[in-house]
Amino acid sequence: MAASDQDTRSQRASAGTVACLSQSALDRRLAEEINRAGRHGTPLSCLLVTIGNLDELVREHGDGLYEETLTYVARALGSQVRDFDRIGAPSDGELLLLLPGADGPRGEVVARRALQRLRTIKLEVDGERRPLSVSVGLAAWREDLSGAELLELARGAARRGVVAGGLASPSPPALGRPDRPA
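Remember, predicted model here, so these are calculated numbers, not experimental data.

**Student:** Mind laying out the overall build of the protein, listing which residues take part and the relevant values?
**Tutor:** From N to C terminus, the protein includes six helices and eight strands. Put simply, the protein runs from its N terminus to its C terminus through helices and strands in the order α-β-α-β-α-α-β-β-α-β-β-β-α-β. Buried residues in the protein amount to 49% of all 182 residues. Considering only contacts within the protein whose residues lie at least 6 apart along the sequence, 67% involve residues at least 24 apart. With an accessible surface of roughly 9,200 Å², the protein has 50% of that area assigned to carbon and sulfur atoms.

As structure tokens, then:
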């Protein structure tokens, strides 16, 4: 068993039955998956989910809403992926799905399924149903990329998704794809 698998079990970040890796455990797991993909010549995709209006909701309704929202989103994502895919929190308001063995087209299938599921999420706060402003960015690993660079590609794709989907219209969320190398 890899060290990050132990971290997965011992550091469940209040995601219920979904193991949500901490940032340090996610960094280690991403390095392991990149190493494995490089050794075996297998694909690796990363799907970054950003919740654009999470800070606003927390300011209006308290810190408890932050963990509750990430937990709910992680569970929703967990229902859309394979048992060996991993979900982690690289920074505030973000969840990253590691998709070992998933090339670009397979990653897009997962991204579309995740978007369909995330599209249905609305938070009920103070008797009001509030949609989440969600953006998804997909990036596929290639040999010249480090883990940090892969994450930045996914972030860039997620930003393009927000622009394409429009900040004023949180539903449906937008899917951003990385620019294709020339």
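**Student:** Lay out the pattern of salt bridges with the relevant residues and their values.
**Tutor:** Going through the model one piece at a time under the given rule, you end up with eight salt bridges. Note that R36 is salt-bridged to E33, the shortest N-O span being 2.9 Å. With R36 and E33 both in helix α2 (residues 23-40) and three residues apart, this pair spans about one turn of that helix. Overall, the relative accessible area of 5% leaves E33 in the buried class. A salt bridge links R155 to E94; the nearest nitrogen and oxygen atoms lie 2.8 Å apart. Of this pair, R155 sits in helix α6 (residues 147-165) while E94 sits in strand β4 (residues 94-100), and the two are 61 residues apart along the sequence. Of the residues examined, R155 reaches a relative accessible area of 17% and is grouped as buried.

**Student:** Describe the side chain of R155, with residues and values.
**Tutor:** Reaching out from R155, the side chain makes a polar contact with the side chain of E152 at a distance of 2.7 Å. Apart from residues lying up to four places away in sequence, R155 is in contact with L48, P90, S91 and E94.

**Student:** Can you break down the confidence of the model for the protein residue by residue, with the values?
**Tutor:** Low pLDDT means the predicted atomic positions in that stretch should not be read closely. In this model, the protein carries a mean pLDDT of 78, and residues with pLDDT of at least 70 account for 79%. The secondary-structure element of the protein with the lowest mean pLDDT is helix α1 (residues 3-10), recorded at 35, while α2 shows the highest, at 95. Taken as a whole, residues 1-17 scores under 50 in pLDDT and shows 33 contacts with residues more than four places along the chain or in a different chain. This stretch, residues 162-182, has a pLDDT under 50; its non-local contacts, to residues over four places away or in other chains, come to 40 contacts.

**Student:** Provide a residue-level description of the nonpolar core, including the pertinent values.
**Tutor:** Membership of the largest hydrophobic core comes to 32 residues, with the highest contact counts inside it found for L47, V73, L77, L95, L118, L132 and V136. Among the secondary structure elements, those contributing two or more residues to this core are β2 (44-51), α3 (54-61), α4 (64-78), β4, α5 (104-118), β5 (122-125) and β7 (134-140). The leading source of residues in this core is α4, at seven residues. If we ignore the near neighbours within four places in the chain, the residues touching L77 are V49, I87, L95, L97, A114 and L118. Counting residues in hydrophobic clusters, the runner-up holds 18 residues, among them L44, C46, L98 and L150.

**Student:** Tell me what's going on with α2, and back it up with residues and numbers.
**Tutor:** A rise of 1.5 Å per residue sets the reference length of α2, with its 18 residues, at 26 Å; its end C-alpha atoms lie 25 Å apart and thus fit the reference within 8%. Three or more residues of α2 are buried, namely A25, L26, R29, L30, E33, I34 and A37. Just past α2, the residue G41 takes up positive phi, approximately 70°.

**Student:** Explain the side chain of R130 to me, and be specific about the residues and the numbers.
**Tutor:** Along the chain, R130 turns up in strand β6 (residues 128-131). Residue class for R130 comes out buried when judged on its relative accessible area of 14%. Among the polar contacts listed, one links the side chain of R130 to the side chain of E56, at a separation of 3.1 Å. Apart from residues lying up to four places away in sequence, R130 is in contact with E56, L57, E60, H61, K122, L123 and V125.

The rules behind the values
- Residues numbered from 1 in each chain as written.
- Predicted model: local features only at pLDDT ≥ 70, side-chain atom pairs only at ≥ 80, totals over all residues.
- Heavy atoms only, no water.
- Helix = DSSP H or I, 4+ residues; strand = E, 2+ residues; numbered from the N terminus.
- Buried < 20%, exposed > 50% of the residue type's maximum accessible area, 1.4 Å probe, protein only.
- Contact = heavy atoms within 4.5 Å.
- Areas by Shrake-Rupley, 256 points an atom, 1.4 Å probe, with all protein chains shown as cover.
- Salt bridge = Lys/Arg side-chain N within 4 Å of Asp/Glu carboxyl O.
- Polar contact = N/O pair within 3.5 Å; in protein donor to acceptor, adjacent residues only side chain to side chain.
- pLDDT = per-residue confidence, 0-100.
- Core = buried A, V, L, I, M, F, W, Y, C linked by side-chain atoms within 4.5 Å.
- Expected span 1.5 Å × (residues − 1).

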